[in-house]
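Now for the letters of each chain:
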Protein chains: 2
Amino acid sequence: MKVTVIGCGRWGSFIAWYLDKIGHQVVLYGRENSKHMIRLQEKRSNGLIEIPKTLRLETDLKQAVLSDVIGISINSQGLRNLVQELRSYHPKHKYFVLCMKGIEISSGKRLTEIIEEGIDSSNKVAVWLGPGHVQEFYKGIPNCMVIDSKHDKAKELLVLSFSSDLIRFYYGDDLIGNEIGAAAKNVIGIAAGMLDGLNLTSLKGALMSRGTREIARLIKAMGGSELSAYGLCHLGDYEATVFSQFSHNRRYGEMYVKGEEYKDLAEGYYTVEALIKLGKEYKVELPICNAVHQVLYNGQQADLELEKLFLRSLKKSFK
Amino acid sequence: MKVTVIGCGRWGSFIAWYLDKIGHQVVLYGRENSKHMIRLQEKRSNGLIEIPKTLRLETDLKQAVLSDVIGISINSQGLRNLVQELRSYHPKHKYFVLCMKGIEISSGKRLTEIIEEGIDSSNKVAVWLGPGHVQEFYKGIPNCMVIDSKHDKAKELLVLSFSSDLIRFYYGDDLIGNEIGAAAKNVIGIAAGMLDGLNLTSLKGALMSRGTREIARLIKAMGGSELSAYGLCHLGDYEATVFSQFSHNRRYGEMYVKGEEYKDLAEGYYTVEALIKLGKEYKVELPICNAVHQVLYNGQQADLELEKLFLRSLKKSFK
């Protein structure tokens, strides 16, 4: 298939590399002035791996949207603007695959909602979620991921076209749960990093147990299936997010509590703001998200907030 | 309170040390010829920490059972024999606290069932479960654990008497779920070690997601609460079991697939045999337990069994 990937950062350039590798005709789009695109054009490398010649680099969005399938991997809060831009090219009968995790802060909306509202209804929207480090995929270490969509045929087409020995795709069956779960795991990742930074790594077990619970409650309140919090999109991504040295969110949390400088804010920084809003809207208590939010947005001390969470609660039940 | 801990291995000697430290009168019992007891008597050390003088070492079981509370930390398959021995001293109105994880292979029984059947009904039986590495507790790194019992007052007494800044106890409310979950986590730990040994560490996310699911199904079929698989006793213990360098079961799985020599069989080796039986009895599919069992008991190849589990399944659903 002809596939375009919009967004040429670490994950976007990996997806383009992967889809090229398994035989698709791939275009990788980035803005002309993007530092990632400039490096790709100059060095044919994304800093981790060489980009094969069969993969076409493109900086004209009009050309990029001509493919049948359009993957998108940009920062979540920028999706609405991209959709506005895409609209001007009137894409129709295409498959849009969101390869990104987040929730829009201003609206509390899921990413598929934002794109569906902005484009013609002949297009079908799907998500590609789940665990996996690009560094390990490049080494040939396989993993399982998930594709979900409201449209069964789109889901089947994408799973069949995108599966390989490197990535085994499963069929998602709960778009709300998978999107919220995938976004929320980044916040749990930040909390995990804070525990690491505070020398409380042992509490990551308790964090996993309570983290999944609160996200399960939110998903249920929003109309999804509680069990999705325990699926690939959320708990299944904890190895990558809560434990791995490669996890950007975990590292960000660790550096934050250690007072070290970090270059970029982690995606979970934005997601936690959106989750707090959703928690209020759906009347769901989110103690871990709340603790992370108190620390990052209100300057509360991480050690006190996290100890309160696990070690000083007077409630009888753990959940 | 006067507390005896029966079993002076790594965990038993830690519990005795801990209860002494928080102010109880503690007796640590071990058989006269036990290598652990001999070392304790000779060096006043368990190899990791010095045992304080206030802690009495005892090799006479008759004397040991005089305490009000009797903790037990031995290997699961030996519990029935110990209970036989305890019977001869006719203990009454005592609290027995099982600080151990497992299922009896021959009967498929939970450990509280074995002890309750063997002693006078005036005694109350509880379990002390959850995450924590002795190495980290000795360094002062805190964790959360759980105490469960059919008897609410026993549970409350134990939680209140045993909680401290180092261990925050929560009240369990599902004895079946907590016992099965705690035992089963050792099998997931072996599977995790196998993945590590096969350079498939990334699949530990998928392992956590599917591992909790199958154990949740088993717990439910046995009459417990599905959610317990996601509580402290099981998922909450994954940091310690699935990721930590200190996890005996994880290390055993890793050494097994690498063909390295190991000194002791891990507890999960016995538990998986019991779980397979329970799965048949309650008609619950346990794919991960089954894969571990196929490898350890039937000589199947770990790489094939584990890849089949995650990467080659033709089923649409992940769960």
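Residues numbered from 1 in each chain as written. Chains lettered and ligands numbered in written order. Predicted model: local features only at pLDDT ≥ 70, side-chain atom pairs only at ≥ 80, totals over all residues. Heavy atoms only, no water.

Quick notes on the packing of aromatic side chains
Residues and elements named next belong to chain A. Defined as follows: Working definition: rings of Phe, Tyr and Trp (its six-membered ring) pair if their centres are within 6.5 Å, and the pair is stacked with planes under 30 degrees apart, edge-to-face with planes over 60 apart, and tilted otherwise. Only DSSP runs of H or I reaching four residues or more are called helices, and only runs of E reaching two or more are called strands; each is numbered from the N terminus. Using a 1.4 Å probe on the protein chains alone, a residue whose accessible area is under 20% of its type maximum counts as buried, one over 50% counts as exposed, and one in between counts as partly exposed. Remark: a charge is flagged as sitting over a ring if the NZ atom of Lys or the CZ atom of Arg is within 6 Å of the ring centre and within 35 degrees of the ring normal.
Throughout the structure, instances matching the rule amount to 30 aromatic pairs over all chains. Between Phe-14 and Tyr-138 the ring centres are 5.6 Å apart and the planes differ by 75°, which places this aromatic pair in the edge-to-face class. With Phe-14 in helix H1 (residues 10–21) and Tyr-138 in helix H6 (residues 134–138), this residue pair connects regions lying 124 residues apart in the sequence. Tyr-138 shares its class with Phe-14; the two are buried. Ring centres of Trp-128 and Phe-169 lie 5.0 Å apart, and the angle between their planes is 90°; on these two criteria the pair is classed as edge-to-face. Here Phe-169 lies in strand S8 (residues 167–171) and Trp-128 lies in strand S6 (residues 124–129), a separation of 41 residues in the sequence. Look at Trp-128 and you get buried, because its relative accessible area is 2%. Of the aromatic side chains, those joined through ring pairs into one cluster are Trp-11, Phe-14, Trp-17, Tyr-18, Trp-128, Phe-137, Tyr-138, Phe-162 and Phe-169. Its guanidinium or amino end placed over the ring of Tyr-170, Arg-168 lies 5.4 Å from that ring's centre, counting from NZ or CZ.

Digging into the interface of chain B and chain A
For clarity, the threshold we go by: Any two residues whose heavy atoms approach within 4.5 Å at even a single point are treated as in contact. Summed over both partners, buried area is the accessible surface (1.4 Å probe) that two parts give up on being assembled. The working definition used for a salt bridge is a side-chain nitrogen of Lys or Arg within 4 Å of a carboxyl oxygen of Asp or Glu. Contacts described as polar in this section are N or O atom pairs within 3.5 Å, which, within protein, must combine one atom able to donate a hydrogen with one able to accept it, while residues neighboring in sequence count only if both atoms come from side chains.
Each partner contributes to the interface: chain B provides 43 residues, whereas chain A provides 43 residues. Both faces combined, the contact of chain B with chain A buries some 3,800 Å², and carbon together with sulfur accounts for 61% of it. Our count for the contact surface shared by chain B and chain A stands at zero salt bridges. Remark: the boundary between chain B and chain A carries eight residue pairs in polar contact (both at pLDDT 80 or more).

Describing the sheet that holds strand S2 (residues 25–29) of chain B
Residues and elements named next belong to chain B. Worth spelling out the cut-off: In this analysis, strands are considered paired if DSSP registers two or more bridges between them. Note on geometry: axes are C-alpha line fits, over the in-contact stretch for helices, and angles between N-to-C directions span 0 to 180 degrees.
Strand order in the open sheet formed by eight strands is S3-S2-S1-S4-S5-S6-S7-S8, and the pairing between neighbours is mixed. Since the sheet does not close on itself, it has two edges, and those belong to strand S3 (56–58) and strand S8 (167–171), each with one partner. With direction set aside, neighbouring strand axes in the sheet form an average angle of 25°. Of the strand pairs in this sheet, strand S7 (residues 143–149) and S8 are connected by five bridges, and their pairing is parallel. Paired with Cys-144 across the bridge in S8 is Arg-168. Docked against the sheet, helix H4 (residues 79–87) engages strand S1 (2–6), strand S4 (69–72) and strand S5 (95–98), running at close to 155° with respect to S4.

Some remarks on the domain arrangement of chain A
Residue and element names in this part refer to chain A. Threshold: Each domain's extent was defined by an automatic or database domain assignment. Ten residue types, Ala, Val, Leu, Ile, Met, Phe, Trp, Tyr, Cys and Pro, are classed as nonpolar, four, Asp, Glu, Lys and Arg, as charged, and the remainder, Gly among them, as polar.
We note that the domain assignment places domain 1 (2–171) and domain 2 (183–310) within chain A. In this structure, domain 1 and domain 2 have C-alpha centres spaced 25 Å apart. Where domain 1 abuts domain 2, roughly 1,600 Å² becomes buried across the two surfaces, and 66% of that area is made up of carbon and sulfur atoms. The interface formed by domain 1 and domain 2 contains one salt bridge. Across the pair Lys-101 and Asp-237 runs a salt bridge, and its minimum N-O distance is 2.7 Å. Joining domain 1 to domain 2, the criterion identifies four residue pairs in polar contact (both at pLDDT 80 or more). Broken down by secondary-structure element, the contributors of at least two residues to the side of domain 1 that touches domain 2 are H6 and strand S7 (143–149). Its residues placed into classes, the side of domain 1 that touches domain 2 shows seven nonpolar, ten polar and four charged.

A closer look at the UniProt feature "active site" (unreviewed entry) in chain A
Residue and element names in this part refer to chain A. Rules: UniProt positions are given in the numbering used here, feature names are shortened, and annotations may be inferred rather than shown by experiment.
The sites that carry the UniProt feature "active site" (unreviewed entry) are, in the present numbering, Lys-185. Within the secondary structure layout, Lys-185 lies in helix H8 (residues 175–197). Leave out the neighbours within four places in its chain, and Lys-185 touches Lys-101, Cys-233, His-234, Asp-237, Tyr-238 and Thr-241.

Some words on the pairing of S6(A)
Residue and element names in this part refer to chain A. Test applied: Whether a crossover is right-handed depends on one test, that the path from the first strand over the helix to the second runs clockwise when the strands point away from the viewer.
A large share of S6 lies buried, amounting to five of its six residues. Inspection of the sheet shows strand S5 (residues 95–98) paired to S6 by four bridges, in the parallel sense. Note on S6: the bridge partner recorded for Leu-98 is Val-127. What joins S5 to S6 is helix H5 (residues 111–118), and the crossover it makes is right-handed. Two strands pair when backbone bridges link them, and S6 and S7 are joined in this way by four bridges, in the antiparallel orientation. Bridging from a neighbouring strand, Leu-129 pairs with Val-146 of S7.

Focus on the environment of Ser76(B)
Residue and element names in this part refer to chain B. Residue position: Ser-76 is located in the loop between S4 and H4. Exposure remark for Ser-76: the relative accessible area of 1% places this residue in the buried category. Along the sequence, Ser-76 and Tyr-256 sit 180 residues apart, while their C-alpha atoms lie 22 Å from each other. Contacts of Ser-76, omitting those with residues within four sequence positions, involve Met-100, Lys-101, Gly-102, Ile-103, Leu-111 and Glu-267. Within polar-contact distance, the side chain of Ser-76 engages the backbone oxygen of Lys-101 at 3.1 Å.

Some points on the packing of helix H4 (residues 79–87) of chain A against H5(A)
Residue and element names in this part refer to chain A. Test applied: For classification purposes, an angle smaller than 35 degrees is called roughly parallel, one larger than 145 roughly antiparallel, one from 65 to 115 roughly perpendicular, and anything else oblique. By the definition used in this description, the sense in which the near helix is turned from the far one sets the handedness, with an anticlockwise turn below a right angle giving left-handed and a clockwise turn giving right-handed.
Interaxial distance between H4 and H5 falls to 9 Å at its minimum, and their mutual angle equals 25°. The orientation of H4 relative to H5 falls into the category roughly parallel. Crossing of H4 over H5 shows right-handed handedness. Where H4 approaches H5, its residues Leu-79, Arg-80, Val-83 and Arg-87 are matched on the opposing element by Leu-111, Ile-114, Ile-115, Glu-117 and Gly-118. In terms of residue class, the contact of H4 with H5 is built from five nonpolar, one polar and three charged.

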